[in-house]
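Chain residues, written in single-letter form:
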Amino acid sequence: MVDKDYSSTDDQALVGAARQGDTRAFEELVARHRDKIYARAFSMLRNEQEAIDLSQEAWVKGWQRLNQFQGESSFGTWMTRIVINLCLDELRRQKRQRTDSMEAIEEESGGVERQMPILEVNPTAGLERTELRQRIDRALGQLSREHRTVLVLHEFEEMEYKQIAKTMECSIGTVMSRLFYARRKLAALLADLKKESST
Amino acid sequence: MNYEEQLKLQSFLDGELPEKDARDVAARVARDNQAAALLAELRHTREAITGFEDTIRLPESREFYWSKIQREIDRLQPVSAREAPAFSLWAYLRRVAVPATALALVAIAGLVANRGLHGFGGAGVTEVSVSDAEALTYRDYAAGTTLVWLSFPADNEVAQNTTSGTLP
């Protein structure tokens, strides 16, 4: 039997075929959106293997819940929400296991970001794309999970404060405070990385 | 700038302020260098990470990545959903159609044999064993002959468990 070629079929039709049990159609959906789903998991978890495992788990959940996909958003957006929820569950599980980190103490004591000097110069100006990517990658890795998550949901998922608060089960004030800290810390880290590379 | 004002500045950048508050903040930024510098820093950071995720690529091949997903999907599929149609058809043939056909053929053969030896008024008797509906016995008392037909394949438990070829 010759496999059907789905490369030119749109997402909606692939979802329809997958609902009927066609795993080849679902594989095509995975192939189209796998980078985006993995990228979101990696941004939130900062661990390559965890991100692979969790993104695969998201695809299995997507398969199980295909009948719940109403087409109100794109299939990629729908899948992204599934992987975000799995990441949040994982981060909550990890948080329950770990003792208070310095980041948490720092955040609770509050106000560190208020004392940070304002950067007059854009620390990323003039950087090539690859170098910029590497610096941001390192800087994001140095943020706490909570700060990084708020930043990812706001900057990459383009959620409003209210949506983030609902998703993370915290107040809007906490979202604003975490986002402000994350941005200021990121700016400081990027500036430090620039100094390191110039010396 | 106090902390509350700093957060308001951020909300202004993110478009989260009501129109009147946004106008107030814009006016503040125009006359306050510190506010303008902080807004510029926040904006630079936001711009720096825009599109960052688009550069991240899955570090596995399509086939390898998919294989684990497929295994999990296969594992989650109920066995009945995967095998039920083929299994039920086979079961129907095996349990109903094959024995019924065999019985019908044996019955016809018995009748033909009976008629050939004695005609319809002969002394031959065809019996179906109650304990084993797939065995048919023909007795010809006049000739002192007994013939036993067994359906094939042997489908009952006794036949399947019998290892020797000796009939009781």
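Everything discussed here concerns the structure shown above.
Keep in mind the model is a prediction, meaning the values are calculated, not measured.

## Comments concerning the interface of chain B and chain A
And then number 1: With 37 residues of chain B at the interface, the matching set in chain A holds 52 residues.
And then number 2: Between chain B and chain A, roughly 4,400 Å² of surface is buried when both sides are summed, and carbon and sulfur atoms account for 62% of that area.
And then number 3: The interface formed by chain B and chain A contains seven salt bridges.
And then number 4: Ionic pairing is found between Glu41(B) and Arg184(A), a salt bridge with its closest N-O pair at 2.9 Å.
And then number 5: Put simply, chain B and chain A have 18 residue pairs in polar contact (both at pLDDT 80 or more) between them.
And then number 6: At the level of elements, helix 1 (3–13), helix 3 (33–49) and helix 4 (62–76) of chain B are the ones that each hand at least two residues to the side of chain B that touches chain A.

## Things to note about the pattern of salt bridges
Residue and element names in this part refer to chain A.
And then number 1: In this structure the tally under the stated criterion is 25 salt bridges over all chains.
And then number 2: In this structure, Arg-92 engages Asp-89 in a salt bridge whose closest nitrogen and oxygen atoms are separated by 3.2 Å. Here Asp-89 and Arg-92 lie together in helix 4 (residues 75–97), a separation of three residues that amounts to about one turn.
And then number 3: On the basis of relative accessible area, Arg-92 is assigned to the partly exposed category, the value being 29%.
And then number 4: A residue is classified by how much of its surface remains accessible, and Asp-89, at 45% relative accessible area, is partly exposed.

## A short note on the environment of Phe52(B)
And then number 1: Counting through the fold element by element, Phe52(B) comes out in the loop between helix 3 and helix 4.
And then number 2: Apart from the residues lying within four places of it in its own chain, the contact partners of Phe52(B) are Arg133(A), Ile136(A), Asp137(A), Leu140(A) and Phe156(A).

## Comments concerning the nonpolar core
And then number 1: Among the nonpolar cores identified, the biggest contains 80 residues, and Phe26(A), Trp59(A) and Phe75(A) are the most heavily contacted of them.
And then number 2: With 11 residues, helix 2 (residues 23–45) of chain A is the largest single contributor of residues to this core.
And then number 3: Those residues in contact with Phe26(A) that lie beyond four places of it in its chain are Ala18(A), Trp59(A), Gly62(A), Trp63(A), Leu66(A), Phe75(A), Trp66(B) and Ile73(B).

## Overview of helix 7 (residues 129–141) of chain A
And then number 1: The end-to-end C-alpha distance of helix 7 of chain A, which contains 13 residues, comes to 18 Å, matching closely the 18 Å that a straight helix rising 1.5 Å per residue would cover.
And then number 2: Every buried residue belonging to helix 7 of chain A is among Leu132(A), Arg135(A), Ile136(A), Asp137(A), Ala139(A) and Leu140(A), and all of these are buried.

Conventions and cut-offs
- Residues numbered from 1 in each chain as written.
- Chains lettered and ligands numbered in written order.
- Predicted model: local features only at pLDDT ≥ 70, side-chain atom pairs only at ≥ 80, totals over all residues.
- Heavy atoms only, no water.
- Contact = heavy atoms within 4.5 Å.
- Buried area = accessible area lost by both parts, 1.4 Å probe.
- Salt bridge = Lys/Arg side-chain N within 4 Å of Asp/Glu carboxyl O.
- Polar contact = N/O pair within 3.5 Å; in protein donor to acceptor, adjacent residues only side chain to side chain.
- Helix = DSSP H or I, 4+ residues; strand = E, 2+ residues; numbered from the N terminus.
- Buried < 20%, exposed > 50% of the residue type's maximum accessible area, 1.4 Å probe, protein only.
- Core = buried A, V, L, I, M, F, W, Y, C linked by side-chain atoms within 4.5 Å.
- Expected span 1.5 Å × (residues − 1).

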